[in-house]
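One-letter residues, chain by chain:
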Amino acid sequence: EMRFFYPAPPPGTVTASKDVTYGAAGTVLQMDVYRPASQSAALPAIIFFNAATGAQRGNPFYRSWGEIAASKGLVTIVPDLRRDSLARDFESLLAHIGARASNYGIDQNAIAVYAGSGNVFSAFPVIQNPARTEIKAAVMYYGTANVSQFRTDLPVLIVRAGLDRPELN
């Protein structure tokens, strides 16, 4: 079982809405939404872009990401994203969040995306799409992708593993 080594937030400091339904055109997907328990104002949000669904989304590793980020003042979204339709699922998620940002307490002018490892390959081209202006920042953690165009308005932190394979770096 994967273990998370960062300390868990104190009990009662984070609320979680599990298995919230989203999707388009008859596709039912779910997400978990984590928030600081004591905040009622609209907050910045981070979406964890991972090829994961159902039980994977709820595993201790992904759950810890959501809880820890929420304990730091962010609305955290851990969505179902199916490996065979990552970009399409992500676009459905963005449409859902855009229409319901106030329901989740999200500041629509402060939405970031995180992707790591193999998920960068799918996430980076999607967030660099000039039509994806709802995304305001991104973190790409040691991965590679084919990107044909870059958004000059998008702050991006790209982390690479210095001792990784040269072609990856």
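Here, every reference points to the structure presented above.
Just so it is clear, the structure is predicted and the values come from calculations on it, not from any experiment. (Residues numbered from 1 in each chain as written. Predicted model: local features only at pLDDT ≥ 70, side-chain atom pairs only at ≥ 80, totals over all residues. Heavy atoms only, no water.)

Novice: Before we move on, can you summarise the overall build of the protein chain with the specific residues and values?
Specialist: Helix and strand counts for the protein chain come out as 3 helices and 7 strands. Taken from the N to the C terminus, the helices and strands of the protein chain come in the order β-β-β-α-β-α-β-α-β-β. In terms of overall size, the protein chain behaves like a compact globule, its C-alpha atoms giving a radius of gyration of 16 Å where 169 residues would be expected to give roughly 15 Å. Considered along the principal axes of its C-alpha atoms, the protein chain spans approximately 45 × 35 × 30 Å. Per-residue burial for the protein chain yields a buried fraction of 40% across its 169 residues. Long-range contacts, defined as pairs at least 24 residues apart, comprise 61% of the intrachain contacts of the protein chain with a sequence gap of at least 6. Here the protein chain has roughly 9,000 Å² of accessible surface; of this, 53% comes from carbon and sulfur atoms. (Helix = DSSP H or I, 4+ residues; strand = E, 2+ residues; numbered from the N terminus. Rg over C-alpha atoms; globule rule 2.2 N^0.38 Å. Buried < 20%, exposed > 50% of the residue type's maximum accessible area, 1.4 Å probe, protein only. Contact = heavy atoms within 4.5 Å. Areas by Shrake-Rupley, 256 points an atom, 1.4 Å probe, with all protein chains shown as cover.)

Novice: Just give me the short version of the pattern of salt bridges, but keep the residues and values in it.
Specialist: Enumeration over the complete set of coordinates arrives at 9 salt bridges. For Asp80, the salt bridge is made with Arg57, and the minimal N-O distance between the two is 2.7 Å. With Asp80 in the loop between β4 (75-79) and α2 (86-104) and Arg57 in the loop between β3 (43-48) and α1 (60-71), the pair connects residues that are 23 residues apart, well separated along the chain. In the salt-bridge network here, residues are joined through shared partners; they are Lys18, Asp19, Asp32, Arg57 and Asp80. (Salt bridge = Lys/Arg side-chain N within 4 Å of Asp/Glu carboxyl O.)

Novice: Can you break down the packing of aromatic side chains residue by residue, with the values?
Specialist: Counted according to the given criterion, the structure contains 10 aromatic pairs. Seen from their ring centres, Phe49 and Phe90 are 4.9 Å apart, and the 55° between their planes marks the pair as tilted. Highlighted residues: Phe49 in the loop between β3 and α1 and Phe90 in helix α2, separated in sequence by 41 residues. An identical accessibility class is assigned to Phe49 and Phe90; each is buried. A connected cluster of aromatic rings, assembled from ring pairs, spans Phe48, Phe61, Tyr62, Trp65, Tyr114, Tyr141 and Tyr142. (Phe/Tyr/Trp six-rings, centres within 6.5 Å; stacked < 30°, edge-to-face > 60°.)

Novice: Run through the side chain of Asn50, naming residues and quoting values.
Specialist: When you line up the elements, Asn50 lands in the loop between β3 and α1. A polar atom in the side chain of Asn50 sits 3.3 Å from the side chain of Asn119. The contacts of Asn50, once residues within four sequence positions are left out, are Tyr62, Trp65, Pro79, Leu81 and Asn119. (Polar contact = N/O pair within 3.5 Å; in protein donor to acceptor, adjacent residues only side chain to side chain.)

Novice: Would you mind going over helix α3 (residues 120-128) in detail, with residue names and values included?
Specialist: Along α3, the positions that sit buried rather than exposed are Val120, Ala123, Phe124, Val126, Ile127 and Gln128. On its buried face, α3 is in contact with α2, β5 (106-116), β6 (137-141) and β7 (156-159).

Novice: A description of the sheet that holds β3 should follow, citing residues and the corresponding values.
Specialist: Hydrogen bonds between backbone groups are what pair the strands of a sheet, and the pairing can be parallel or antiparallel. The 7 strands lie next to each other as β1-β2-β4-β3-β5-β6-β7, forming an open sheet whose pairing is mixed. Because the sheet does not close on itself, it has two edges, and the strands there are β1 (14-22) and β7. Sheet twist, expressed as the average angle between the axes of neighbouring strands with direction ignored, equals 20°. Pairing of β3 with β5 involves 5 bridges; the strand directions are parallel. Pairing of Ile46 across the sheet is with Ala112, part of β5. Sheet contacts for α3: β5, β6 and β7; angle to β6, the most-contacted strand, approximately 160°. (Pairing = 2+ DSSP bridges. Axes fitted to C-alpha atoms, helices over the stretch in contact; angles between N-to-C directions.)

Novice: Describe in detail the side chain of Thr76, supporting the description with residues and values.
Specialist: Tracing the sequence through the fold places Thr76 in strand β4. In terms of polar contacts, Thr76 uses its side chain to reach the backbone carbonyl oxygen of Gly66, at 3.3 Å. Other than its neighbours up to four places away in sequence, Thr76 contacts Asp32, Val33, Tyr34, Ile46, Phe48, Trp65, Gly66, Ala69 and Ala70.

Novice: Tell me what's going on with the environment of Met31, and back it up with residues and numbers.
Specialist: Considering the arrangement of structural elements, one finds Met31 in strand β2 (residues 29-36). With relative accessibility at 0%, the residue Met31 sits in the buried group. Through-space distance from the C-alpha of Met31 to that of Ala123 is 17 Å; in sequence the pair is 92 residues apart.

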